[in-house]
Every structure is written in structure tokens, then in C-alpha cells.
Amino acid sequence: MNKVGELLGAAAALNQEAAADAPLILAHVLRKDRSWLYAWPEYQLDDRALAQYETLLQRRLDGEPLAYLTGHREFWSLDLLVTPATLIPRPETELLVEAALGLPLQQARVLDLGTGSGAIALALASERPHWHITATDISEEALEVAARNVKRLQAANIRLLHSHWFEFLHGNRPYQLIISNPPYVAEGDPHLREDGLPHEPAAALTAGPDGLNDLRTIVAGAPGFLQPGGWLIVEHGMDQGTTVRRLFGTAGFETVETRQDLERRDRITLGCYSRSP
Ligand code: GLN
């Protein structure tokens with residue numbers, strides 16, 4: 001069996017996720033798009049392509065996320081490179097981007113903490129070419145992936161920096177906006193064993209026994225880096241809205257608001273820091 005139509009037919013009988021992803025894997029192997037597959041069912045794969053398809057399909061059946069198999073993931077209509085050194089950008093993280101674009105900011109200096117593949121920074125850069133965006137990560141490997149994405153998408157307004165949250169940053173409250181999708185899953189959460197999460201970098205997913213360690217650091221540290229009237233927007237877990245709003249309040253943020261994702265789960269919180277130094 002080496003024809004496109006036969007392979008797609010066989011894949012349809014696999015478990016739901018593998019059946020849905022098999023055409024995408026096949027298209028990736030053949031460097032075509034999906035519609036090409038359906039137009040050319042008689043096309044015969046050579047041995048090398050067939051072996052590559054079978055290997056990748058088996059890895060998918062073993063639970064590896066599609067994005068790590070193809071090395072690509074779309075976010076905010078941008079084609080991003082991803083590797084196992086970076087979290088795979090999630091659709092709900094587009095909410096952070098929407099919230100940022102909805103703020104009354106003209107010229108802005110923006111800080112994206114824990115940028116991973118660079119997804120948030122690149123989405124903002126594509127929409128607001130005049131913003132100056134600094135994107136950080138503690139992982140040098142992730143920063144290399146982000147750098148490749150910045151180069152491929154020719155985002156001239158992103159600067160990448162190695163930093164552990166605010167630790168290696170300087171300046172006298174330089175930013176009008178700080179944005180972050182930090183790790184927020186509790187260590188030991190059963191969700192970590194599902195949905196391909198075992199293949200993603202633990203450091204990008206978990207943050208202490210309640211998942212809030214990094215959110216605490218970010219919310220408490222942000223006022224020291226925000227201009228008066230600057231904004232902080234963070235993503236968090238669906239059961240963390242109340243606690244995160246409290247953290248914002250304790251840190252001195254005002255107009256604090258939590259927004260829900262498409263599945264009506266608390267997902268992001270934002271607030272404004274108006275106090276002068
Ligand atoms: N939303 C991701 C998940 O639960 C977690 C991402 C994160 O920790 N920032 O699958």
C-alpha cells in the first residue's frame with residue numbers, strides 16, 4: 001500500500017485524533033497541502049516518503065502532538081516553528097493578544113515574559129509594527145526557536161532577551177504593557193498526563209504545588225517595570241481567576257478584570273497600574 005488514497009483510507013480507521021491528523025502528516029511528508037492529497041489519490045509514495053509517513057504516524061499514535069511531528073503550528077494566522085523546547089501555542093492564548101490590541105496604547109514598549117516560540121510577541125508585532133517588543137525566556141533553546149521565527153516572519157520590532165522573569169531586566173519602569181502566558185498547571189495535576197502534555201517542556205507548564213508560583217512572581221514584580229498607567233495581562237488556569245485577581249489587587253493594580261475563553265472558562269486577567277513611583 002503506497003498510494004495516497006489507500007493511505008488516507010487506512011488512516012480513517014485509526015483512533016479519532018490520529019485519523020484527523022494523518023492527512024496533515026501525509027501532506028507534511030509530501031510537502032503539499034491537504035487539498036492536493038484529495039486531488040491525487042493515485043499518487044504513489046516512494047519508499048522513503050512512505051517510511052517517513054509511517055514513522056510519524058506511529059509517533060502520533062503514541063501520543064506525540066502533531067506540531068512536534070511537523071515542526072509547525074499556526075497562531076494568530078502566523079506559521080510558527082515549534083520544537084519540544086517550546087510549548088505548543090494554544091488557541092486560547094490568542095485571547096491575550098486580543099486583549100492587548102484592545103488597550104488604549106499608541107506608541108508602546110511591550111514586555112512578553114516567557115515567550116517560548118515567540119507566539120505572543122510575533123502576533124503583536126504583526127499587528128502593531130510600531131510597538132517595541134522585548135520578549136524573554138529562561139530557556140536558551142526556546143529563545144533559539146523564537147529567533148528563527150522572528151527572522152522568518154521578519155519582525156523587526158522584537159528584541160529577544162535571556163531572562164528569568166524580571167531577574168535579568170533593567171530600566172526605570174520602561175514598559176506600557178507586560179504580557180505573559182506563564183506556566184500555571186499544578187505539579188502532579190492529572191491533566192499533565194494527557195493531550196500530549198508529557199511531550200511538552202515541564203518548565204513551560206508547571207509552577208509549584210498550586211501552579212501559581214510564577215504568576216505570583218510576575219504580578220508582584222510587574223509594577224516595578226510598568227510606567228504609570230501601564231497594563232499587565234496574564235493567562236492562567238480556569239480555576240485561578242479569583243486568586244489571580246486578588247494577586248493583582250494586592251500588587252496595586254486597578255480595573256482588574258478576568259476574561260473567559262471560548263469554552264467559558266476563566267483564562268486571562270488584566271489590570272492597570274496607575275501609581276507613580
Ligand atoms: N493551557 C495549557 C494547558 O493546560 C497550559 C499552558 C500553560 O501552562 N501556560 O494545556
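Keep in mind that what you see is a predicted model, and the values were worked out from it rather than measured. Along each chain, residues carry numbers from 1 onward, in the same order as the chain's sequence is written. It should be noted that, the model being predicted, local features are given only for residues of pLDDT at least 70 and side-chain atom pairs only at 80 or more, the latter also being counted only at that level, while totals for whole chains, interfaces and linings use all residues. Excluding hydrogens and water, the side-chain values take into account all heavy atoms of the structure.

1. A short note on the site of the ligand
The environment of the ligand is made up of Leu87, Arg90, Glu92, Asn181, Pro182, Pro183, Tyr184, Val185, His191, Leu197, Ala204 and Leu205. Under the rule applied, a polar contact is a pair of N or O atoms within 3.5 Å (in protein, one hydrogen donor and one hydrogen acceptor; residues adjacent in sequence only if both atoms are side-chain atoms). Between the ligand and the protein, one listed contact pairs an oxygen atom with a side-chain N or O atom of Arg90 at 3.1 Å. For the ligand, an oxygen atom lies 3.5 Å from a polar atom in the backbone of Leu205. We get accessible surface area from the Shrake-Rupley algorithm with a probe of 1.4 Å; when it comes to residues, only the shown protein chains can shield them. When the ligand sits alone it has 300 Å² of accessible area, and the protein chains cover 92% of it. For each residue, the test is whether any non-hydrogen atom lies within 4 Å of the molecule or strand; if one does, the residue is near.

2. Looking at the UniProt feature "binding site: substrate" (unreviewed entry) in the protein chain
The residues that UniProt annotates with the feature "binding site: substrate" (unreviewed entry) are Asn181, Pro182, Pro183 and Tyr184. Considered against the second largest pocket, the annotated residues that line it turn out to be Asn181, Pro182 and Pro183. Judged by relative accessible area, which is 2%, Pro182 ranks as buried. Here, two residues are considered to be in contact whenever any of their heavy atoms come within 4.5 Å of each other. Setting aside its immediate chain neighbours within four residues, Pro182 contacts Trp165, Asp214, Leu215, Ile218 and Glu235. As for its position among the elements, Tyr184 is in the loop between strand 6 (175-180) and helix 9 (213-221). UniProt positions are given in the numbering used here, feature names are shortened, and annotations may be inferred rather than shown by experiment. Only protein atoms enter the 1 Å grid used here. Points where a 1.4 Å probe fits but cannot escape make up a cavity, open sets with protein on both sides within 12 Å along at least five of seven lines make up a pocket, and a residue lines them when an atom lies within 4 Å of a point. Remark: exposure states derive from per-residue accessible area (1.4 Å probe, protein chains only) relative to the maximum for the residue type, with buried under 20%, exposed over 50%, and partly exposed in between. Runs of H or I in DSSP of at least four residues are treated as helices and runs of E of at least two as strands, each being numbered from the N terminus.

3. Some points on the pattern of salt bridges
Salt bridges, as used here, are contacts in which a Lys or Arg side-chain nitrogen is within 4 Å of a carboxyl oxygen on Asp or Glu. Taken as a whole, this structure holds 11 salt bridges when the rule is applied. Of the charged contacts, one joins Glu64 and Arg59 as a salt bridge, the two residues approaching to 2.8 Å between their closest N and O atoms. The exposure class assigned to Glu64 is buried, which follows from its relative accessible area of 15%. A salt bridge links Arg267 to Asp261; the shortest N-O distance between them is 3.1 Å. By the burial criterion, Arg267 is buried, and Asp261 matches it.

4. Section: the layout of surface pockets
Grid points are joined across faces, edges and corners, and a volume is the space filled by probe spheres set on the points. A volume near 480 Å³ is recorded for the second largest pocket. Every residue lining the second largest pocket is counted, 28 residues in all, and those nearest its centre are Gly114, Gly116, Asp137, Ala203 and Ala204. Counting residues per element, the ones that place at least two in the lining of the second largest pocket are helix 7 (119-127) and strand 4 (132-137). When grouped by side-chain class, the residues that make up the lining of the second largest pocket number 14 nonpolar, 11 polar and three charged. Put simply, Ala, Val, Leu, Ile, Met, Phe, Trp, Tyr, Cys and Pro go in the nonpolar bin, Asp, Glu, Lys and Arg in the charged bin, and everything else, Gly too, in the polar bin.

5. Some words on the packing of helix 2 (residues 16-30) against helix 4 (residues 47-61)
Helix axes are fitted to C-alpha atoms over the stretch in contact, other axes to C-alpha atoms as well, and angles between N-to-C directions run from 0 to 180 degrees. Where helix 2 meets helix 4, the axes come as close as 10 Å, and the angle between the chain directions of the two elements is 150°. Here helix 2 runs over helix 4; the crossing is right-handed. Contacts between helix 2 and helix 4 involve Glu17, Ala18, Asp21, Ala22, Ile25, Leu26, His28, Val29 and Leu30 on the former and, on the latter, Ala49, Gln52, Tyr53, Leu56, Leu57, Arg60 and Leu61. A class-by-class count of the residues in the contact of helix 2 with helix 4 yields 11 nonpolar, two polar and three charged. Here is the rule for handedness: rotate from the far helix to the near one, and if that takes an anticlockwise turn smaller than a right angle the crossing is left-handed, while a clockwise turn gives right-handed.

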